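Tertiary structure, described
Take a look at the letters that make up each chain.
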Amino acid sequence: AVGSTCVATRFFVALSISTGDGLRKESSPFINNTDNDKAISYDGKNMALFEEEMDSNPMVSSLLNKLANYTNLTQGAQEHEEADEEEAGPKKKAVKSPQMGTFMGVYLPCLQNILGVILFLRLTWIVGTAGIVESLAIVVMCCSCTMLTAISMSAIATNGVVPAGGSYYMISRSLGPEFGGAVGLCFYLGTTFAGSMYILGTIEILLTYIVPQAAIFVAEKKEDEPAALLNNMRVYGTCCLTLMSLVVFVGVKYVNKLALVFLACVVLSILAIYAGVIKTAFDPPDFPVCLLGNRTLQNLNFDKCLKTEEVGNQTVGTALWALFCGGSRALNASCNEYFVLNNVTMIQGIPGLTSGVISDNMWSDYGPLGMLVEKPRQPAVLAADTSQDVYLPYVVNDIASFFTLLVGIYFPSVTGIMAGSNRSGDLRDAQKSIPIGTILAIATTTFIYLTSVVLFGACIDTVLLRDKFGDSVKRNLVIGTLSWPSPWVIVIGSFFSCCGAGLQSLTGAPRLLQAIARDGIVPFLAVFGHGKANGEPTWALLLSGGICEIGILIASLDAVAPILSMFFLMCYLFVNLACAVQTLLRTPNWRPRFKYYHWALSFLGMSLCLSLMFISSWYYAIVAMVIAGLIYKYIEYRGAEKEWGDGIRGLSLNAARYALIRLEEAPPHTKNWRPQMLVLLNVDTDLAVKHPRLLSLTTQLKAGKGLTIVGNVLEGTYLTKDSEAKTAEQNIKSSMAAERTKGFCHVVVSSNLRDGFSHLIQSAGLGGMKHNTVLMAWPGTWKQSNDPASWKNFIETVRETTATHHALLVAKNVDSFPGNLERLGEGTIDVWWVVHDGGMLMLLPFLLRQHKVWRKCKMRIFTVAQMDDNSIQMKKDLQMFLYHLRLDAEVEVVEMHDSDISAFTYEKTLVMEQRSQMLKQMQLSRNEREREVKRTTPRPPGLHREQTILIKRIGLCRWSLIWRPCYVSSSDAAAGVHMTWTKEKLFTERHRGREANANVAVRDLFNMKPNQSNVRRMHTAVKLNEVVVNKSQGAHLVLLNMPGPPRNRGGDENYMEFLEVLLEGLNRVLLVRGGGREVITIYS
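The written sequence of each chain sets the order in which its residues are numbered from 1. Confidence filtering applies because this is a predicted model: local features only for residues at pLDDT of at least 70, side-chain atom pairs given and counted only at 80 or more, and all residues used for totals across whole chains, interfaces and linings. Water and hydrogen atoms were dropped before computing side-chain values, which therefore reflect all heavy atoms in the structure.

With that settled, consider unusual backbone geometry. Look at the link from tryptophan 484 to proline 485: it is a cis peptide, with omega at 10°. Within the secondary structure, proline 485 is located in the loop between helix H17 (478–482) and helix H18 (487–519). Helix and strand definitions here come from DSSP, where helices need a minimum of 4 consecutive H or I residues and strands a minimum of 2 consecutive E residues; each element is numbered from the N-terminal end.

This is the structure in structure tokens:
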């Protein structure tokens, strides 16, 4: 409609339909393609225009057909995961997993894990120790953290299909394999330890509240009770772990069936708590607590809260009297001083909702290990001797308590939010179920926790709240004393709650490990990717059971809980980070169905997770980060390379773009200058790298820092050489990996090598990250080569680097340079500083000596003094210059006196020019013959040995099967004479022409005189070579200023000869030519 504010996007789909003439419908491979699909020939007429592209671009009808049959696999033309599977071999038959909805698959597992052991065993103690205000702060912080994480997780989970692996899959595909593997393994450890925590909770309920007489280890003294309890936990915990592992091994289906029973018990327990709270308003339960003075007493061994009682008209001591008077009930027995000075008082442990006890429970009451639980504002007389208090039946703190510890202990009670996503492979629609089920479960449990904190503080007396194990109410579960109709409802409910949560953890943890193992990012975990025929992770379950046993051997729920908090908080931190990164980068693939998220919420959740980590335990936080960091580095260096389109790569791209734009604004300062290398490599006919030691030298110069681009040129056109270019690139990358050269590879296909190298020098790099130094090998076989292109290309490259203001390094005998694994012994790196061109000669030895190959080498600097120079002053000045440059080197000034040009130099120059002249004549003759061949008409078929052709002034005569140049007179050529050539006449004419030309050429060569400029240059090369060989023949490496090529291109070959003479007799030489700017400075 015209004027409408909405723009409708229409998708037109072309479907190829069978016309009834026997033609097949289009059936293109797109997802899970097979060889049979690929064999189909596309002989339809409607889409003939696209038939050549059917293999790579399938018909839409085929795509939609595949999508309609979609189950729980990733979608796409061919996702990386599918490609990995295809490379690994033929696909195994898919195993159908249980398909569950939101309620059964997400909401119930989350509810079970969240409403686990902490609610029933520790929440009352946390409220009594921290007070209502600080307890509410703890609950709000932890629940806010999980809610924000759930929002971020929902956005990630609805941004595509989440297969088995859940949280690991979400993190790894959003932040990359390194982060995903590190956090995934940490989360796996957390989930596994959570299983041990739930099992410890189960055994604590069993041995403390249900059947305490089942204890194997029994303490004879009060001070031995903690050790006996830990040993009982270890024995029974191991048995319980074995039983639960067998249940999980049988199948997840049975775990889900048991989950309903367990959850029903949990719900009934919570309802019983709320019913009990309401009942306390008008009929509080009778759970008396006995106080001695203001101290709370354990009433396990006495029934009456009295010191004495009347028995048969006699006053005798009670059981309580005997406990404080050395076991005697006699009134004249020697009793504890505090017992004598104070009276016993009995109070109600559950005074009720309307009692006003909430005012006593508002504020915290922390204390050290062994601190007595005392009732505030209760009168008491202190005793002088308190040394025996530890042996008396007082209720005491079994651990030191403080706010941060309580945060660490409480946080595992909100960590069940990943229980649903961990089992995403079993969900019918993970994108819909995970957000709804998780957020509803968190909202439900947050309400339960907040109301429980307030109601516990309003109904239960402070001394009973601080009594962790219910010793003051005859070892009743404290939360059970509040419930209605019976404490056993809570005891049984909490027991099954812990069992269910333990089973959920043992179900989720092996699947998480299996997902990590199947991704192949951690090589040594590959065995754990296998399982039973139905896909159950058997080996992963065994490892999970072993790790879980470690937690059980710790045996203390309060010690295991903070460890879990670290691992879970780290996982939640990275989930929030993943969502924030994806949102801020606005990647095209970031299209979550869940819309109620924002990057600010994710950052808030991430900050809250980090804060809680250090609040709970700063040293555990550091240990968890170190473990994650080690796993990250291991995956980075040893794991398989994966490309998952993760957000970290997108973040890297954005950061790189920003940095490149900033670098483009101004050239780098001299202090920031470092060699950014363009390495010009050659490959042989098999496309293998010719000089791999050139890459070793690059690594030693760079020490892993700065930019390295390795370039190569193939001759031809890209359309015909594309496969060779890819092969060459792969070979170069393999050589770079072998030589530990970190950088980029760029293979160019060009019509000729000269243009290709020119393109590389001009266009390699991007923006501010462009090379400033070109490294190449000396063409060692230029004299033996019949093709002058090799040395001409070299000289043109030298000219081009000079024109583009790039520094140039030319390595002679590069194959003799040391590899990265070699260690050179005591020796020298000799620098011959002839001319100053920016300080490259001084900087390069310093960079080389940073590498372990050259570390033991000393640096020597030689400079050349002429007749007019003061060599002593030059040496002092050079030493001062090196001092200011902070370089350690020996300095030597070599004096070169003016001397007459020797006959040797004169003769060498003459031979050089004669050779050059001869090569030019040969080249001229070759070029002339090639031009004549092109001009001559091709021979018609059927000609005999003697044949008549029209001869021009310089034509081609054919005898036998060879065409040769022949010469006729100008008059004959002008007249267009038809000549009949015989074999004898051909030989006579050819011999006569050759002799005449050869005589002229030889006469010219012997009569020529060398150019005086060339003689002077040769003299310099010979003299300088003598000095360098004399001083530096035994050096490990010689660095030398590289003379520039002549301005007149006619002397290019002479230039190569000069360099050859200059380098004669030296093994490892690095010719250095500066880029026209200073690269080293004396200033800070």
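Now that the structure has been shown, we can carry on.
To continue, consider the pairing of strand E18 (residues 1037–1041). Within E18, 5 of the 5 residues are buried, which leaves it mostly tucked inside the rest of the structure. Covered by surrounding structure in E18 are Leu1037, Leu1039 and Asn1041 together with Val1038 and Leu1040, the residues of both alternating faces. Following DSSP output, two strands are said to pair if at least two bridges run between them. Of the strand pairs in this sheet, strand E11 (residues 827–833) and E18 are connected by 4 bridges, and their pairing is parallel. For isoleucine 829, the partnering residue across the bridge sits in E18 and is leucine 1037. Alignment of E18 against strand E19 (residues 1069–1073), held across 4 bridges, turns out to be parallel. Its bridge partner being in E19, leucine 1039 is matched across the sheet by leucine 1070. With a 1.4 Å probe rolled over the protein chains alone, any residue whose accessible area is under 20% of its type maximum counts as buried; one over 50% counts as exposed, and the rest are partly exposed.

All right, on to helix H28 (residues 840–848) then. Burial within H28 is extensive, with 8 of its 9 residues counted as buried. Of the positions making up H28, those classed as buried are Met840, Leu841, Met842, Leu843, Leu844, Pro845, Leu847 and Leu848.

Pairing in this open sheet of 3 strands is antiparallel, and the strands run E2-E1-E5 from one edge to the other. In this open sheet, the two edge strands, each paired with only one partner strand, are strand E2 (295–296) and strand E5 (344–348). For strand E1 (residues 288–292) and E5, the ladder comprises 5 bridges, and the chain directions are antiparallel. Residue pairing for E5: valine 289 is matched across the bridge by isoleucine 347.

Cysteine sulfurs are considered disulfide-paired once they come within 2.5 Å of each other. Counted by the stated rule, this structure contains 2 disulfides. There is a disulfide in this structure between cysteine 290 and cysteine 305, and the S-S distance comes to 1.9 Å. Of note, the bridge from cysteine 290 to cysteine 305 carries an S-S torsion of about 75° and is right-handed in sense. A residue pair is termed long-range when its members are at least 10 positions apart, and cysteine 290 in strand E1 and cysteine 305 in the loop between E2 and strand E3 (308–310) qualify at 15 residues. Both residues of the pair, cysteine 290 and cysteine 305, belong to the buried class. For cysteine 325, the disulfide goes to cysteine 335, at an S-S distance of 1.7 Å. Disulfide cysteine 325-cysteine 335: torsion about the S-S bond near 105°, hence right-handed.

Before going further, it helps to examine the environment of threonine 698. Structurally, threonine 698 is set in helix H24 (residues 693–702). For threonine 698, a relative accessible area of 0% puts it in the buried group. A 3.5 Å cut-off defines polar contacts: any pair of N or O atoms within that distance qualifies, except that in protein one atom must be a possible hydrogen donor and the other a possible acceptor, and neighbouring residues in sequence count only when both atoms are side-chain atoms. Within the structure, threonine 698 has its side chain in polar contact with the backbone oxygen of leucine 694 (distance 2.8 Å).

This paragraph deals with the pattern of salt bridges. A side-chain nitrogen of Lys or Arg and a carboxyl oxygen of Asp or Glu constitute a salt bridge if their distance falls within 4 Å. Going through the model one piece at a time under the given rule, you end up with 21 salt bridges. In this structure, arginine 122 engages aspartate 558 in a salt bridge whose closest nitrogen and oxygen atoms are separated by 2.8 Å. Residue arginine 122 is found in the loop between helix H5 (117–121) and helix H6 (123–157), and its partner aspartate 558 is found in helix H20 (residues 557–585); the two are separated by 436 residues along the sequence. According to the relative accessible area criterion, arginine 122 is buried, its value standing at 2%. The buried category is assigned to aspartate 558, whose relative accessible area is 8%. In this structure, aspartate 461 engages lysine 375 in a salt bridge whose closest nitrogen and oxygen atoms are separated by 3.0 Å. Linking aspartate 461 in the loop between helix H15 (430–459) and helix H16 (462–465) with lysine 375 in the loop between E5 and helix H13 (403–410), this pair joins segments that are 86 residues apart in sequence.

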